[in-house]
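A closer look at the structure
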Amino acid sequence: MLVRLRGELARIPQPSGARRTSHSETNKATSTLVEDLFVGGIAWSDLRSHFDSVLGADGWSFVREYGYTNHGRDYGGKIATYRKSTELVSVDSPGLDTTAGYTYALSIRWEVG
């Protein structure tokens, strides 16, 4: 599963100006997660538009968008999730949290059940 998800994530086109800064993988018996972090001057609305288009063209369905806080502070962080079969792709922007060190994270995960 790890190799398949790694390949799937690598095939997702990134917005112009995005540069990958890190890659991580977690592989357990009941779940697998592959994540890349990116930097670049890309607004959340542009990220959503880009990933709605490229993921939708590849058979992914938009699930939902939601905001989150970091240690109780609202920096405008947002996550959008997409589903295809038993896999989920998430696009995570930390908003204005300059301590995050990335503009957005793109991850793909699979879980049993």
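Going by the structure above, here's the rest.
Residues numbered from 1 in each chain as written. Predicted model: local features only at pLDDT ≥ 70, side-chain atom pairs only at ≥ 80, totals over all residues. Heavy atoms only, no water.

Describing the environment of Met-1
Take Met-1: it is sitting in the segment before helix H1 (2-11). Taking the relative accessible area as the measure of exposure, Met-1 reaches 40% and is therefore partly exposed. Sequence separation between Met-1 and Trp-110 is 109 residues, and the spatial gap between their C-alpha atoms is 8.2 Å. Setting aside residues up to four positions removed in sequence, Met-1 forms contacts with Thr-32, Glu-87 and Trp-110. (Helix = DSSP H or I, 4+ residues; strand = E, 2+ residues; numbered from the N terminus. Buried < 20%, exposed > 50% of the residue type's maximum accessible area, 1.4 Å probe, protein only. Contact = heavy atoms within 4.5 Å.)

Let's talk about the pattern of salt bridges
Tallied over the entire structure, the rule returns ten salt bridges. Across the salt bridge formed by Asp-52 and Arg-48, the nearest N and O atoms sit 3.0 Å from each other. One end of the pair, Asp-52, and the other, Arg-48, are both in helix H2 (residues 44-57), four residues apart, so they sit about a helical turn from each other. Looking at Asp-52, the relative accessible area reads 32%, which means it is partly exposed. (Salt bridge = Lys/Arg side-chain N within 4 Å of Asp/Glu carboxyl O.)

What to know about the pairing of strand S2 (residues 31-39)
Bridging between strand S1 (residues 19-27) and S2 involves eight bridges; their strand directions are antiparallel. From the neighbouring strand, Asn-27 faces S2, where its bridge partner is Thr-32. Turn length for the S1-S2 hairpin, with the two strands adjacent in sequence and antiparallel, is three residues. Where S2 meets strand S6 (residues 104-111), eight bridges bridge the pair, whose relative direction is antiparallel. The residue of S6 that forms the bridge with Thr-32 is Trp-110. (Pairing = 2+ DSSP bridges.)

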